[in-house]
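Each chain is listed here by its residues.
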Amino acid sequence: MRLKGIVSLIVLGSLSAYFIYEPIPEAIDQKWKLMVTNSLFRALSHLADLSELLGLKDYMGVMYFITLAERVVPLSDQHVLVTEERFDGVEVVLYQPQTDRPTADLRRAVIYLHGGGWCLGSSRMSPYDTLARTLVTDLDAMVLSVEYRLAPAHHFPVPYEDVYRVVKHFLQEEVLARYSVDPGRIAVSGDSAGGNLAAAVSQQLRQDPDQKIQLKIQALLYPVLQALDLNTPSYQQNQDMPILPRTLMVRFWSEYFTSDKALFRTMMSNTHNGPESADLLKFVNWGAYLPESYRADYNYSVPAVGRDQAAVGVPAPDGGPSRAIGDPRASPLLVPDSALRSLPKAYVLTCEYDVLRDDGIMYVTRLREAGVEVTHEHYGAGFHGAMMFNLWPMDFAIARRMTDNYVRWLQENL
């Protein structure tokens with residue numbers, strides 16, 4: 001019995017070491033907390049892989065447990081009035097200050113788009129509920145949080161179209177008047193995949209000749225901005241980093257477009273570009289758009305261009321000739337310079353230990369070259385998703401710093 005106990009202890013210790021310990025850069029604070037947090041994500045990911053292999057439930061269906069585990073029912077309190085409505089058929093959660101200010105006194109508004117790789121996440125998760133309340137109280141603003149539909153049940157362009165419809169509906173004079181919102185003080189913001197949607201909506205609104213009311217600013221938090229080159233230096237440097245390893249980000253991209261696993265395999269090898277996207281690779285040339293300090297010892301080479309993307313199951317959105325991978329509504333970094341010049345002032349947050357770091361930095365470079373005013377906040381000790389780790393027991397000091405700086409920028413620019 002004693003031998004069995006020793007063997008069991010050794011096995012348990014080995015499993016614990018495998019799931020919990022992993023090399024994390026010294027620059028990252030609270031490393032052990034990040035290790036423990038990430039071990040939960042890794043365990044769920046392994047379970048999701050096994051479930052899909054056995055044909056029990058698809059990978060994203062299992063990973064959706066993360067969303068369910070942090071789900072809350074947004075309720076009003078003494079400071080914030082919370083209501084749930086539908087804007088043009090899409091669910092939204094509205095957060096407004098509980099004040100008796102005169103209706104003629106207009107307030108600012110933030111349209112917020114949650115992250116989760118277009119496949120996970122919800123505006124009703126506790127970190128997003130907490131952030132929305134912070135924005136309401138600190139900015140005396142209305143927050144409109146969008147519950148867009150998710151892949152893989154709803155592939156691109158459905159999540160984008162849901163968001164665009166909500167924003168278009170909200171930016172009507174009579175709707176803004178109903179909520180006492182100043183038409184000249186409206187922001188769009190989002191993190192990760194939400195940052196992608198926020199950037200895409202900002203671009204498309206400026207290209208709409210019928211859109212009278214425009215966004216004043218855009219705030220993008222560690223956004224994902226392109227699907228053409230998945231071997232940028234940050235993808236290579238951070239391929240095994242906690243929370244969002246390269247494999248998971250590639251899986252998010254492939255599931256956003258299609259359930260055909262062939263696309264995932266070609267994206268993993270960075271050989272997914274077809275003739276439709278070949279001419280767009282110049283917009284993600286990190287040899288040109290990344291400062292030398294971020295290129296480090298990596299040498300740029302143009303991603304391979306292979307067979308037609310339709311052969312790997314990527315649909316042509318809206319029946320048009322362009323393919324989803326090269327559609328700027330999916331990859332906002334792909335728009336030409338002429339489409340960038342009229343964009344609103346931007347705030348871009350990037351993290352050193354994030355596969356998406358270079359997406360954000362390349363966008364900062366291109367926006368500045370186009371004459372757009374940009375505030376770039378880079379966290380040398382940051383990791384992907386850090387700002388949403390704002391609740392005990394998975395709260396990180398860096399999340400508070402990020403939130404404080406983000407709110408301060410909104411306070412000064414909106």
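All figures in this text were calculated on a predicted structure; none of them were measured in a lab.

Using the criterion set out here, one finds 18 aromatic pairs in the structure. Measuring from centroid to centroid gives 6.3 Å for Phe-87 and Tyr-179, while their planes differ by 45 degrees, and the two rings are tilted. Placement of the pair is Phe-87 in strand 1 (residues 80-87) and Tyr-179 in the loop between helix 7 (173-178) and strand 5 (181-191), with a sequence separation of 92 residues. With respect to burial, Phe-87 and Tyr-179 carry one shared label: buried. Ring centres of Phe-389 and Phe-396 lie 5.7 Å apart, and the angle between their planes is 80 degrees; on these two criteria the pair is classed as edge-to-face. In terms of burial, Phe-389 and Phe-396 fall into one category: buried. Looking at Lys-33, its charged tip hangs above the ring of Phe-396, at a distance of 5.7 Å from the centre. Directly above the aromatic system of Tyr-289 lies the positively charged group of Arg-366, at a separation of 5.8 Å from the ring centroid.

We now examine the side chain of Gln-96. With respect to the helices and strands, Gln-96 occurs in strand 2 (residues 90-97). Discounting chain neighbours no more than four positions away, the residues touching Gln-96 are His-79, Val-80, Leu-81, Thr-83, Val-136, Met-142 and Tyr-179.

This paragraph deals with a nonpolar patch on the surface. Where nonpolar side chains cluster on the molecular surface, the patch consists of Leu-47, Leu-50, Leu-53, Leu-54 and Leu-56 and spans about 570 Å² of accessible area. Tracing the backbone shows Leu-53 in helix 2 (residues 31-53).

Parameters and conventions
Residues numbered from 1 in each chain as written. Predicted model: local features only at pLDDT ≥ 70, side-chain atom pairs only at ≥ 80, totals over all residues. Heavy atoms only, no water. Phe/Tyr/Trp six-rings, centres within 6.5 Å; stacked < 30°, edge-to-face > 60°. Helix = DSSP H or I, 4+ residues; strand = E, 2+ residues; numbered from the N terminus. Buried < 20%, exposed > 50% of the residue type's maximum accessible area, 1.4 Å probe, protein only. Lys NZ or Arg CZ within 6 Å of the ring centre and 35° of its normal. Contact = heavy atoms within 4.5 Å. Patch = residues over 30% accessible without salt bridge, like charges linked within 9 Å, V, L, I, M, F, W, Y side chains within 5 Å. Areas by Shrake-Rupley, 256 points an atom, 1.4 Å probe, with all protein chains shown as cover. Salt bridge = Lys/Arg side-chain N within 4 Å of Asp/Glu carboxyl O.

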